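So the chains spell out like this:
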Amino acid sequence: MTTIPEQGKVYIRTFGCQMNVYDSEKIYAFLQDRYLPAATEEEADLILLNTCSIRDKAEQKVYSLLGRLRGLKNTKPELLIGVGGCVAQQEGERILRRSSLVDLVFGTNNIDKLPEIIDERVTTGRKVCRVEEDMDSVPSAAAPLSRSGNDPTSLLTIMKGCDNFCAYCVVPLVRGREVSRAMSEILDEARYLVGNGVREITLLGQNVNSYHDPETGAGFIQLLEKVDGMASLERLRFVTSHPKDFSGELVEAMAGLKSVSEHIHLPVQAGSDRVLKAMGRGYSRDEYREKVALLRDRVPDVEITTDIIVGFPGEEREDFEQTLSLLEEIRYQNAFSFRFSPRPGTAAAEMDDPVPDDTKRPWLPELQEVQNTITAQKHAALVGEVVEVFVEGFGRRDNGKLEGRTRNNYIVHFTGDSGLVGRSLNTRVVRSHKIHLEGVIVT
Ligand code: SF4
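Reading guide: rules and limits
Residue positions within a chain follow its written sequence, with the count starting from 1. Where local features are concerned, this predicted model is filtered to residues with pLDDT of at least 70; where side-chain atom pairs are given and counted, the filter is 80 or more; whole-chain, interface and lining totals use all residues. As a convention, hydrogens and water are excluded, and side-chain values are obtained from all of the structure's heavy atoms. The secondary structure listing takes helices from DSSP runs of H or I that are at least 4 residues long and strands from runs of E that are at least 2 residues long, numbered from the N terminus. Remark: exposure states derive from per-residue accessible area (1.4 Å probe, protein chains only) relative to the maximum for the residue type, with buried under 20%, exposed over 50%, and partly exposed in between. Distance and chemistry together define a polar contact, namely a pair of N or O atoms within 3.5 Å, with one atom able to donate a hydrogen and the other to accept it when in protein, and with adjacent residues in sequence counting only for side-chain atoms on both sides. Here a residue-residue contact requires only that any non-hydrogen atoms of the pair lie within 4.5 Å. The angle between two axes is taken between their N-to-C directions and runs from 0 to 180 degrees, where each axis is a line fitted to C-alpha atoms and a helix contributes only its stretch in contact. Under this scheme an angle from 65 to 115 degrees is roughly perpendicular, one under 35 degrees roughly parallel, and one over 145 degrees roughly antiparallel; angles in between are oblique. Take the buried residues of types Ala, Val, Leu, Ile, Met, Phe, Trp, Tyr and Cys, join any two whose side-chain atoms come within 4.5 Å, and each joined set is a nonpolar core. Domain boundaries shown here were taken from an automatic or database domain assignment. Only strands joined by at least two bridges in the DSSP assignment are considered to pair. A residue's pLDDT is the predictor's confidence in that residue, given on a scale from 0 to 100. Two parts placed together each lose some accessible area under a 1.4 Å probe, and the buried area is that loss summed for both. The term salt bridge refers to a pairing of a side-chain nitrogen on Lys or Arg with a carboxyl oxygen on Asp or Glu at a separation within 4 Å. Basically, the charged four are Asp, Glu, Lys and Arg, the nonpolar ten are Ala, Val, Leu, Ile, Met, Phe, Trp, Tyr, Cys and Pro, and anything else, Gly included, counts as polar. Working definition: residue near molecule or strand if any one of its non-hydrogen atoms lies within 4 Å of it.

With that settled, the discussion passes to the side chain of T406. Assignment of secondary structure puts T406 in strand β16 (residues 402-406). By relative accessible area, T406 is classed as buried at 4%. Within polar-contact distance, the side chain of T406 engages the side chain of N408 at 2.7 Å. Dropping the residues within four chain positions of it, T406 is found in contact with R235, R237, V387, E388, V389 and V412.

Dropping the structure here:
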């Protein structure tokens, strides 16, 4: 029979968006009394898959990963395996029926219950599934404030869920309706983070612009002002902004607040009004362009990133060309682009699509080529320039090199020692790459 080790190790595999990254941090915090983080799956006593269902084939990915864990479970029968996140929320007990390896399934609103879910599995010997919704709670808020690492950057969730019901999106179905955390609680967490060495905070929500304090009604701008006022905080970022709610007031906050970085992720999704309407995005191409023009006018160094869906039901070649022309006009720093895939339960999954798949298939690589060229041009233009970076740690891609980020979101790799982590310094850009820049420290 499985027992809970007095001090076991947990390995969390995180899929998907930053909300999931944040939830995984919280899971570590909820389990910290009994589990230390494991470096590999092999040394873990508990493996958790924090899943994402935004893209198609997410379920298949989870099941194929589970298949790969079979050998490990065979050699270590006491190993516990759990599935959480959006796929768990959608699939629930079906996961337990489909995979005999899984011991527990927990939804996006149940991560605070994980210690008791594990207890129940161990003491009863029965598999456990907890995916019930509790729409009034913001579970992340209840997480213990803990920081196990020395990371100078941190995510901080300010709200969960979404009320927008864009035609293609499962978020409102799996994360629930929009609920904001109390500002007092967010500020307590921010103070705690800054007091423990964090110098850069990213505020997280599916639509941060519609944040409102449930206690006082104060909005996102007031929250930004309060966090910005914290001594020792160097940089404040936020994600995601819905273009329809992106306001002139927020532009002024970005222009005026010292720690707010000159970068915004503003998902446009499509450049054609016809497709935007079918998606239910709530803004037109021209409204989006006007907001970007205002932002660039008030925050000249700002860089903009975006998300784009290619091949939405009914999208014709001329619609797609409007997306291409918008890309050329806005000149995004980067665009995260995906081919449309119907997600169960969404309005788009029911839409007829007279445009053949073969017609649409080449569009995504075509769009990515256009964006790659723009990104490469932007990177090349920085070669020879001195840019200030905030040193986040050692990069994963460039072994042994430090990784820093400019205020406007360019990633720079350079040689240096660990004592520089958490500091801002100047680097001269010496080379440009597809994803990052290479620099040397300027003394
Ligand atoms: S705004 Fe639209 S795309 Fe974004 S989370 Fe909400 S429903 Fe999904």
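The next thing to look at is the packing of helix α9 (residues 220-228) against helix α10 (residues 248-256). Axis separation between α9 and α10 bottoms out at 10 Å; the angle between their running directions is 10°. By the criterion of interaxial angle, the relationship of α9 to α10 is roughly parallel. Only E249, L250 and A253 of α10 make contact with α9, whose side of the interface consists of F220, I221 and L224.

A cis amide bond links V239 with the next residue in sequence, T240, at an omega value of 10°. Positionally, T240 belongs in the loop between β11 (235-239) and α10. Although it is not a glycine, F165 sits at a positive phi angle of roughly 50°. With respect to the element layout, F165 can be found in the loop between β8 (159-160) and α7 (171-174). Taking relative accessible area as the criterion, F165 reaches 39% and is therefore assigned partly exposed. Within the chain, N409 stands out as a residue other than glycine whose phi angle is a positive 80°.

Right, let's talk about the nonpolar core for a bit. Judged by nonpolar contacts, the single largest core of 69 residues is most densely connected at I201, L203, F220, L223, L224 and F238. Looking at which element gives the most residues to this core, the answer is helix α8 (residues 183-195), with six residues. Structurally, this core is a two-domain feature, drawing no fewer than three residues from each of domain 2 (150-261) and domain 3 (289-380). Excluding its chain neighbours within four sequence positions, the residues that come into contact with L224 are L203, L236, F238, L250, A253, L257 and V260. One finds F15, L79, V87 and V105 within the second-largest nonpolar core, a separate group that totals 25 residues.

Moving on to the sheet that holds strand β17 (residues 411-414). Taken together, the five strands give a closed barrel; going around it, the order is β15-β16-β17-β19-β18, and neighbouring strands pair in mixed fashion. Pairs of neighbouring strands in the sheet enclose a mean axial angle of 50°, with direction left out of account. Relative to strand β18 (residues 424-432), strand β15 (residues 386-394) runs antiparallel, the two being bridged by five bridges. The residue bridging V386 from the neighbouring strand is R428, located in β18.

With that out of the way, let us pick up the confidence of the model for the chain. A low pLDDT score tells you not to read the predicted coordinates there in detail. Looking at the chain, pLDDT values average 89 and 93% of them are 70 or higher. Within the model, the stretch residues 135-142 combines pLDDT values under 50 with 22 contacts to residues more than four positions away or in other chains.

Before going further, it helps to examine the domain arrangement of the chain. Assigned domains of the chain: these are domain 1 (8-130), domain 2 (150-261), domain 3 (289-380) and domain 4 (386-441). For domain 2 versus domain 4, the distance between C-alpha centres works out to 25 Å. Taken together, the contact pairs 12 residues of domain 2 with 12 residues of domain 4. Of the roughly 840 Å² buried at the junction of domain 2 and domain 4 (both faces included), carbon and sulfur atoms supply 43%. Scanning the region where domain 2 abuts domain 4 turns up one salt bridge. The salt bridge involving E388 is made with R235; its shortest N-O contact spans 3.7 Å. Across the contact surface, domain 2 and domain 4 share seven residue pairs in polar contact (both at pLDDT 80 or more). Class assignment for the residues of the side of domain 2 that touches domain 4 results in two nonpolar, three polar and seven charged.

A separate point is the pattern of salt bridges. Taken as a whole, this structure holds 30 salt bridges when the rule is applied. Between D319 and R274 there is a salt bridge, with the nearest N and O atoms lying 2.7 Å from each other. Pair noted here: D319 is in helix α13 (residues 317-330) and R274 is in helix α11 (residues 273-279), with a separation of 45 residues, a long-range link. The exposure class assigned to D319 is buried, which follows from its relative accessible area of 3%. Because the salt bridges share partners, they merge into one network encompassing R339, D357, D358 and R361.

The immediate surroundings of the ligand are formed by C162, N164, F165, C166, Y168, C169, V171, P172, Q206, H242 and R281. Residues that form the shell around the ligand fall into these classes: seven nonpolar, three polar and one charged.

As a further point, take the sheet that holds strand β13 (residues 303-310). The sheet built from three strands is open, its strands ordered β12-β13-β14 with parallel pairing. In this open sheet, the two strands that pair with only one neighbour each are β12 (263-265) and β14 (334-339). Each adjacent strand pair in this sheet contributes to an overall mean axis angle of 10°, direction not counted. Direction of pairing for β12 relative to β13: parallel, over a ladder of three bridges. Among the inter-strand pairings, I264 is bridged to a residue of β13, identified as I304. Contacts from helix α15 (residues 363-381) reach β13 and β14 within the one sheet, and its direction differs from that of β14 by about 170°.

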